[in-house]
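Chains, contacts and geometry: an overview
Given next are the chains, with one letter for each unit.
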Amino acid sequence: MIAIVLFGKPGAGKGTQAEFLKEKYNLTHISTGDVFRYNLKNGTDLGKQAQVYMSEAKLVPDEITINMLANEVEKNMDKDGFLFDGFPRTIKQAEALEALLKEKNIRLAGTVALEANDDILVARILERGKTSGRADDQDEAKIRYRYTEYNENTAPLIKYYQDKNVFHAVDGIGSIEEITGRLSKVIDTLI
Ligand code: AMP
């Protein structure tokens with residue numbers, strides 16, 4: 001089995017692209033944000049634990065997130081691999097992922113980043129907020145705070161994965177189809 005990490009700031013298009021890529025490569029798509037939102041909606045213990053952080057656009061603590069991710073992987077060992085979206089977001093999560101993949105004999109085929117500048121992304125998220133129903137998509141201060149979290153905690157992962165020779169970047173500006181094409185071109189070289 002393989003694992004691909006889709007990387008990129010909030011609004012970069014990870015979720016949209018994951019919908020195509022999971023079909024094309026027969027992968028289980030795990031979006032940690034989606035799993036947290038599902039648990040929040042259903043009032044589970046995990047949802048309650050995550051709520052305070054999510055409502056403030058802060059990262060949920062690593063321990064909670066890592067346990068949740070490991071559970072999701074455990075439940076979905078039936079496809080050709082995994083497409084992770086929104087995980088890992090810290091070095092600690094990346095280290096935990098590495099250990100988990102090793103234990104499950106899953107190869108990290110690569111991490112692919114969707115790149116776009118912040119102003120375009122903020123505009124996209126505000127647009128998405130009109131229909132997504134997500135409070136964190138509707139408040140510009142919260143959106144900006146998610147970028148602060150990204151720059152402080154997640155951006156160091158670029159070097160982390162570059163050093164392991166598994167980091168690839170793709171231009172995230174263009175039509176959905178164009179970007180799917182760019183991502184597929186990279187992923188085809190990894191699998
Ligand atoms: P997203 O849908 O990826 O933008 O995530 C929405 C929110 O869920 C984030 O602002 C965090 O509060 C939480 N979250 C999602 N993924 C993670 C993660 N890997 N680590 C910590 N918090 C996360």
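Refer to the structure presented above.
Residues numbered from 1 in each chain as written. Predicted model: local features only at pLDDT ≥ 70, side-chain atom pairs only at ≥ 80, totals over all residues. Heavy atoms only, no water.

**As for the packing of helix 1 (residues 14–25) against helix 9 (residues 176–190)**
The test is simple: Note on geometry: axes are lines fitted to C-alpha atoms, helical ones only across the stretch in contact, with angles between N-to-C directions running from 0 to 180 degrees. Secondary structure follows DSSP: runs of H or I at least 4 residues long count as helices, runs of E at least 2 residues long count as strands, and numbering of each begins at the N terminus. Oblique is the label for any angle not under 35 degrees, not over 145, and not in the 65 to 115 range, which are roughly parallel, roughly antiparallel and roughly perpendicular in turn. Crossing handedness is read from the near helix: turned anticlockwise from the far helix by less than a right angle, it gives a left-handed crossing, and turned clockwise, a right-handed one. Contacts are assigned to residue pairs that have any heavy atoms within 4.5 Å of one another.
Interhelical geometry of helix 1 versus helix 9 gives an angle of 45 degrees and a closest axis separation of 10 Å. Considering their axes alone, helix 1 and helix 9 lie oblique with respect to each other. Crossing angle aside, the handedness with which helix 1 passes helix 9 is right-handed. On helix 9, the residues touching Thr16, Gln17, Phe20, Leu21, Lys24 and Tyr25 of helix 1 are Ile176, Ile179, Thr180, Leu183, Ser184, Ile187 and Asp188.

**Remarks on unusual backbone geometry**
Our working rule: Buried, partly exposed and exposed residues are distinguished by accessible area as a fraction of the type maximum, computed with a 1.4 Å probe on protein chains only: under 20%, between the cut-offs, and over 50%, respectively.
Omega for the bond connecting Phe87 with Pro88 falls within 30 degrees of zero, at 0 degrees, which places this linkage in the cis form. Relative to the elements of secondary structure, Pro88 occurs in the loop between strand 3 (81–85) and helix 5 (91–103). Not every positive phi belongs to a glycine, and Asn26 is a case in point at roughly 55 degrees. Residue class for Asn26 comes out partly exposed when judged on its relative accessible area of 33%.

**Concerning the site of the ligand**
Note the cut-off: We define proximity as follows: a residue is near a molecule or strand when any one of its heavy atoms falls within 4 Å of that partner. Pairing of N or O atoms within 3.5 Å defines a polar contact, subject to two protein rules: one partner must be a possible hydrogen donor and the other a possible acceptor, and residues neighboring in sequence count only if both atoms are side-chain atoms. Computed with a 1.4 Å probe, the accessible areas rest on the Shrake-Rupley method; for each residue, only the protein chains presented here act as cover. Both site types are read off a 1 Å grid over the protein atoms alone. A 1.4 Å probe that fits but cannot get out defines a cavity, while an open set with protein on both sides within 12 Å along at least five of seven lines defines a pocket; lining residues have an atom within 4 Å of a point. For a molecule to be placed in a cavity or pocket, more than half of its atoms must lie within 2 Å of the grid points of that cavity or pocket.
Residues in contact with the ligand amount to 15 residues; listed here are only the nearest, Thr32, Arg37, Lys58, Gly86 and Gln93. Between an oxygen atom of the ligand and a side-chain N or O atom of Arg37, the distance comes to 2.9 Å. With the chains in place, 96% of the 480 Å² that the ligand exposes on its own is no longer accessible. Among the detected pockets, the ligand sits in the largest pocket.

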